[in-house]
Amino acid sequence: MTVTTQAALTAAARRNKGTDHQASLIVQGADATGIVAAVASVLSKHGANIVSLDQYSDDPQGGAFFQRTVFGLDGLQAALPALRADFDEELVKRYGLTYTLRDLSVPKRVAVFASKSDHCLLDLLWRHRQGQLPVSIPMVISNHPDVAEEVRSFGIPFFHVPSAGPDKSAAEAEHLRLLKDNVDFVVLARYMQILSGDFIEQAGVPIINIHHSFLPAFIGAGPYAKAKERGVKLVGATAHYVTEDLDEGPIIEQDVVRVSHADTAADLTRRGADVERAVLSRAVLWHAEDRVVRNGNHTIVFA
């Protein structure tokens with residue numbers, strides 16, 4: 001992990017300690033004059049204090065507008081209905097925008113899917129225990145029992161759901177039963193199964209995946225051995241949202257590390273795992289803090 005990444009995660013832990021009376025407001029839609037002022041006016045009317053505000057327009061002349069605002073307000077829970085009513089009036093009716101408003105003291109619930117490889121899974125569980133990820137983890141689901149005891153050592157329920165052969169319908173039905181009304185998003189921590197379009201639709205929550213990324217790409221088993229054979233100079237990882245198009249969903253975060261001819265396939269595997277852990281943890285953190293806004297097949301990340 002780089003110093004910058006560790007500093008970012010430590011800063012996130014400090015931020016999360018002071019969210020008892022804070023909310024996030026995500027606004028998106030067609031750009032227009034007066035949107036920022038409208039948001040500030042509503043918050044001022046309710047006595048809220050803006051803690052941070054980030055915005056982006058892809059074209060000031062009729063482009064798409066995105067804004068993330070974090071604000072503090074005593075008695076936030078009681079004030080949320082009135083805030084929503086005013087934002088409906090100002091943002092939806094007046095400007096035709098969409099928005100989400102969320103109490104940051106209520107952590108998002110995430111289910112983690114894993115297989116035999118445990119480096120991403122255990123990294124997320126450790127960061128969660130250290131207070132670096134503002135989420136709750138109600139369950140870990142795996143198609144193998146190998147990581148069961150390690151997961152349970154973190155005090156998190158583990159569910160073994162076998163998934164073998166071409167017909168995954170029974171496994172996916174059990175996954176949906178476990179997830180129903182229990183999670184806000186799902187993380188595939190090196191879960192080595194392809195999700196069906198029906199499952200993605202029925203799950204009804206964002207799904208984040210992590211995978212190695214090379215140029216050229218090496219698919220199938222033993223990607224790092226194949227990379228060694230081709231003499232790659234960079235290994236990396238990509239975290240993205242899952243869609244029906246395999247590994248083509250909106251990208252949240254990427255990173256690479258330089259390697260050399262002296263690195264063995266085992267070296268590449270180890271260094272690749274380091275990058276995967278860092279990239280996935282950042283993607284989960286940013287999603288949990290409402291820093292990622294999806295726009296078609298790409299994202300705006302207020303990191």
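Just above, that's the structure.
Residues numbered from 1 in each chain as written. Predicted model: local features only at pLDDT ≥ 70, side-chain atom pairs only at ≥ 80, totals over all residues. Heavy atoms only, no water.

Let us look at the nonpolar core. Leu121, Leu125, Val140, Val151, Val187, Ile208 and Leu280 are the most contacted members of the largest nonpolar core, which totals 35 residues. With 8 residues, helix α9 (residues 265–288) is the largest single contributor of residues to this core. Residues within four places of Leu125 in sequence aside, it is in contact with Ile137, Val140, Val151, Phe154 and Ile156. If you look at the next biggest cluster of nonpolar residues, it comprises 22 residues, including Val42, Phe65, Leu76 and Leu91. (Core = buried A, V, L, I, M, F, W, Y, C linked by side-chain atoms within 4.5 Å. Buried < 20%, exposed > 50% of the residue type's maximum accessible area, 1.4 Å probe, protein only. Helix = DSSP H or I, 4+ residues; strand = E, 2+ residues; numbered from the N terminus. Contact = heavy atoms within 4.5 Å.)

What follows concerns the sheet that holds strand β6 (residues 135–142). Spatial strand order, β7-β6-β5-β8-β9-β10-β11: 7 strands in an open sheet with mixed pairing. One side of each edge strand has no neighbouring strand; the edge strands of this open sheet are β7 (158–160) and β11 (251–258). Across the sheet, the mean angle separating the axes of adjacent strands is 20 degrees when strand polarity is ignored. Both strand β10 (residues 234–241) and β11 contribute to a ladder of 7 bridges, which runs antiparallel. Residue pairing across strands places His240 opposite Ile251, the latter belonging to β11. Its contacts with the sheet place helix α4 (residues 119–129) against β5 (108–114), β6, β8 (185–188) and β9 (207–213), and it is angled at close to 155 degrees to β6. Its contacts with the sheet place α9 against β5, β6, β8, β9, β10 and β11, and it is angled at close to 155 degrees to β11. (Pairing = 2+ DSSP bridges. Axes fitted to C-alpha atoms, helices over the stretch in contact; angles between N-to-C directions.)

Let us now look at the packing of α4 against α9. Interhelical geometry of α4 versus α9 gives an angle of 45 degrees and a closest axis separation of 9 Å. The pairing of α4 with α9 is recorded here as oblique in orientation. Of the two possible hands of crossing, α4 and α9 adopt the one that is right-handed. Residue-level inspection shows His119, Cys120, Asp123, Leu124 and Arg127 of α4 in contact with α9, the latter providing Ala273, Glu276, Arg277, Leu280, Ser281 and Val284. When its residues are assigned to classes, the contact of α4 with α9 shows 5 nonpolar, 2 polar and 4 charged. (Parallel < 35°, antiparallel > 145°, perpendicular 65-115°, else oblique. Left-handed = near helix turned anticlockwise from the far one by under 90°. Nonpolar A, V, L, I, M, F, W, Y, C, P; charged D, E, K, R; others polar.)

With that settled, the discussion passes to α9. End to end, α9 covers 34 Å across 24 residues, agreeing with the expected 34 Å (1.5 Å per residue, within 8%). Downstream of α9 by a residue or two, Asp290 has a phi angle that is positive, lying close to 60 degrees. (Expected span 1.5 Å × (residues − 1).)

What follows covers the pattern of salt bridges. Per the stated rule, a full pass over the model turns up 16 salt bridges. One salt bridge in this structure joins Asp86 and Lys45, with 3.0 Å as the shortest N-O distance. Here Asp86 is found in helix α3 (residues 76–93), whereas its partner Lys45 is found in helix α2 (residues 35–45), with 41 residues between them in sequence. A relative accessible area of 17% places Asp86 in the buried class. (Salt bridge = Lys/Arg side-chain N within 4 Å of Asp/Glu carboxyl O.)

Taking burial as the measure, the 7 residues of β9 include 6 buried ones, the bulk of the element. Here β8 pairs with β9 via 3 bridges, running parallel. When the bridges of β9 are listed, Val186 appears paired with Ile207. Across 6 bridges, the pairing between β9 and β10 is antiparallel. If you follow Asn209 over to β10, its bridge partner there is His240.

Here we come to unusual backbone geometry. The phi dihedral of Arg190 falls on the positive side, at around 60 degrees, and the residue is not glycine. On the accessibility criterion, Arg190 (14% relative accessible area) is buried. Even without a glycine there, the phi angle at Asp290 is positive, about 60 degrees. Topologically, Asp290 is positioned in the loop between α9 and β12 (292–295). Overall, the relative accessible area of 10% leaves Asp290 in the buried class.

It is worth stressing that arrangement in space is one thing and function is another; only the former is reported here.
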